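Residues per chain are reported as follows:
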Amino acid sequence: MFPYMLRRIGLAVAVAFTVSIVSFMLLRLSGDPAAALAGESASAQDIEFVRKKYGLDRPLVVQYLEWASRALRGDLGESAFFKKEVREILADRVWVTLTLGGMALCFAVVVGIPLGVAAAIRPNSWVDRAALTIAVFGQAMPSFWFGLVLIIIFGVALRWFPISGSDTLAHLVMPAVALGYYATPAIMRLTRAGMLDVLASDYIRTARAKGLRPHSVIFKHGLRNAIIPVVSLASVQFGFMLGGSVVIETVFAIHGVGFLAWESIRRSDLPVVQAIVLMLSIIYVLLTLLSDLLNGFLDPRIRVH
Amino acid sequence: MDHTQHASMIDAAPWQDDQSWNRGLAARRMLRHGGFVFGGCVLLAIVGIALLAPWIAPHDPYAQDLDKRLIPPLWHLQGDWKHPLGTDGLGRDYLSRLIYGARISLLIGVSTVLISSIIGSFLGILAGYFGGRVDLAVSFIIMVRLAMPVILVALAVVALVGGSLQVVILVLGFLLWDRFAVVMRASTQLVRSADYIKAAQAAGASTVRILITELLPNVLGQLVVVVTLEMARAILLEAALSFLGLGVQPPLPSWGLMVSEGKEFMLFSPWVITIPGAALFLLVLAINLVGDGIRDITAPETRT
């Protein structure tokens, strides 16, 4: 297990570094960051001043190395808009986004796993077909539009939930549904496929043959084995949700990292954008690492490769 | 069974007969696959509407008429036959904008996939065919790409370069190749050790020739399925980018942009967001159903 762990951790670090290089270069080369920072009405002199002030006149490699070495020490620079440490701004906002992501994942799991199990118990029954239909419909709905429809129905017409802001957990219910439903079909399909596999296996037949009650066979023996790949899928989906929070947080005006990213992109606040891209990639890398290690721990065959 | 027909079947060369039977079976399976038929019809209809837009749109999609703002669609009491789906906040005919918007979504879907399928298939086939270090390198590139938050990176790059249809297509094309690479890598690995590839190698065919004439046709089925999935993803992403104001720019009638422009009126005139949203939903649903159908028909064993 130890060499496997070491190898996976080394790979994760390499991926995180490469992502930081690629995203840094991408954001620097896509336009003139000095002109963007200085604003539309800036003169050529203003732009030169900004370029000098933020050190944007130096070679890209030097800029990257300085930014990366600072980031390693936890210094993400200063926001051009807030005139505050990026780290402080992010620390204020990240909890809202993590809570939202967690609630969205809960929604996806609570809906996806039971549907998948129900579909697998009776394949090709109406339950199965209904679950598949829900999956196909869910994957076709644009999340921002689904969010707006939720606002119209449950926020304005029925007045069940507040429609914008993030003061209480009730504010996060609709956004969590809008963010989580997109992951539901994947979780449902994987649960269904895993359950179908497991339920056809010999030990389930043995369990049935020795007269265990059906729900004990399905949940205690079946689901426990079918759920392993679902756990790693769910952790990866959580990473995608944090990325998707850009859209949903903007729809519901939630003051989390996603909304901050959108606002910062609009005001060309490059240090903040850079930091958020870095943070989201690192969270994603950590999640995949965690799910790999978990899988390696649960299934020794994976470690050999 | 009819006796003469039976005899003629026996007379035919076995392989020919076998093939025609297979083709017939595939066609019958397709027609019996409800989702595929429904999705295919809807998709064809939308493609037709997009192609014929200048002839079927009742009005100019850009013509503003401030006296006729926010006319409700026909199913409302105040509906007007001149504007079957009503008008938007600037008095532009909603049906015409919707019809022209289909062009943008389809254009985005097709062009993005054109770019991303080339990048992804190239990387995937390379990794799957050569294995070893090439495989390690490509797998690493795929991991890096997956770790980058797509929406965020796309938003930032579009904002810096300046939003336009071409920029959105290029950015999405260069970001959405991951699934092509993953699927092509896996299916190439499967095909690589097949006998006909070994035969071609033994016969002295060049690597490029083997890749194009032997390998590509055999991974094509998988490719088509990924094409539909990615097309749907690109269309949804373009809509999201345009909705956030950092994609296709006004006055182009992108469906995502229409939802964004309608947002301020949505409480009293909900149709301004429900109509373009429903159009997006229908298009993506149709593409996904066609993809699912093709997968079920060509490879029923992979059905989940």
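Scroll up to find the structure this text is about.
A brief look at the structure comes next. This is a predicted model, so every value here is computed, not measured.

1. Some points on helix H10 (residues 195–202) of chain B
Phase 1 of the analysis: For H10(B), the buried fraction is low: zero of the eight residues fall into the buried class.
Phase 2 of the analysis: Trailing H10(B) by a residue or two, Gly204(B) shows a phi angle of about 90°, which is positive.

2. Some thoughts on the environment of Gly120(B)
Residue and element names in this part refer to chain B.
Phase 1 of the analysis: Its location among the elements puts glycine 120 in helix H5 (residues 94–130).
Phase 2 of the analysis: Considered as a pair, glycine 120 and isoleucine 142 are 22 residues apart in the sequence and their alpha carbons are 9.3 Å apart.
Phase 3 of the analysis: Each residue touching glycine 120, except ones within four places of it in the same chain, is listed here: Trp177, Asp178, Arg179, Phe180, Ala181 and Met184.

3. Let's talk about the interface of chain A and chain B
Phase 1 of the analysis: The interface is formed by 40 residues belonging to chain A together with 36 residues belonging to chain B.
Phase 2 of the analysis: Elements represented by at least two residues in the side of chain A that touches chain B include exactly helix H1 (2–29), helix H6 (126–140), helix H7 (143–157), helix H9 (184–199), helix H11 (214–251), helix H12 (257–266) and helix H13 (270–298) of chain A.
Phase 3 of the analysis: A class-by-class count of the residues in the side of chain A that touches chain B yields 28 nonpolar, nine polar and three charged.

4. Let's talk about the packing of H10(B) against helix H11 (residues 207–243) of chain B
Residues and elements named next belong to chain B.
Phase 1 of the analysis: Interaxial distance between H10 and H11 falls to 10 Å at its minimum, and their mutual angle equals 150°. In terms of axis orientation, H10 runs roughly antiparallel to H11. Pair H10 / H11 crosses with right-handed handedness. Contacts from Tyr196, Ile197, Ala200 and Gln201 in H10 reach Ile210, Glu214 and Leu215 in H11.
Phase 2 of the analysis: Its residues placed into classes, the contact of H10 with H11 shows five nonpolar, one polar and one charged.

5. Quick notes on the packing of H5(B) against helix H8 (residues 165–175) of chain B
Residues and elements named next belong to chain B.
Phase 1 of the analysis: One way to put it is that H5 packs onto H8 with a least axis distance of 8 Å and a crossing angle of 40°. As far as their axial angle goes, H8 and H5 are oblique. The hand of the H5/H8 crossing is right-handed. The residues of H8 that touch H5, namely those facing Ile104, Ile108, Ser111, Thr112, Ile115 and Ser116, are Leu165, Val168, Ile169, Leu172, Gly173 and Phe174.

6. Focus: unusual backbone geometry
Negative phi characterises most residues that are not glycine, and trans characterises most peptide bonds.
Phase 1 of the analysis: The linkage connecting Pro250(B) with the following residue, Pro251(B), adopts the cis geometry, with an omega of 10°.
Phase 2 of the analysis: Within the secondary structure, Pro251(B) sits in the loop between H11 and helix H12 (255–262).
Phase 3 of the analysis: Although it is not a glycine, Asn124(A) sits at a positive phi angle of roughly 70°.
Phase 4 of the analysis: Following the sequence through the fold, Asn124(A) ends up in the loop between helix H5 (86–121) and H6.
Phase 5 of the analysis: We note that Arg159(A) has phi near 55°; this positive angle belongs to a residue other than glycine.
Phase 6 of the analysis: Inspection of the secondary structure assignment puts Arg159(A) in the loop between H7 and helix H8 (173–180).

Reading the values: the criteria
- Residues numbered from 1 in each chain as written.
- Chains lettered and ligands numbered in written order.
- Predicted model: local features only at pLDDT ≥ 70, side-chain atom pairs only at ≥ 80, totals over all residues.
- Buried ≥ 20, exposed ≤ 12 C-beta atoms within 10 Å, placed from the backbone.
- Helix = DSSP H or I, 4+ residues; strand = E, 2+ residues; numbered from the N terminus.
- Contact = placed C-beta atoms within 7 Å.
- Nonpolar A, V, L, I, M, F, W, Y, C, P; charged D, E, K, R; others polar.
- Axes fitted to C-alpha atoms, helices over the stretch in contact; angles between N-to-C directions.
- Parallel < 35°, antiparallel > 145°, perpendicular 65-115°, else oblique.
- Left-handed = near helix turned anticlockwise from the far one by under 90°.

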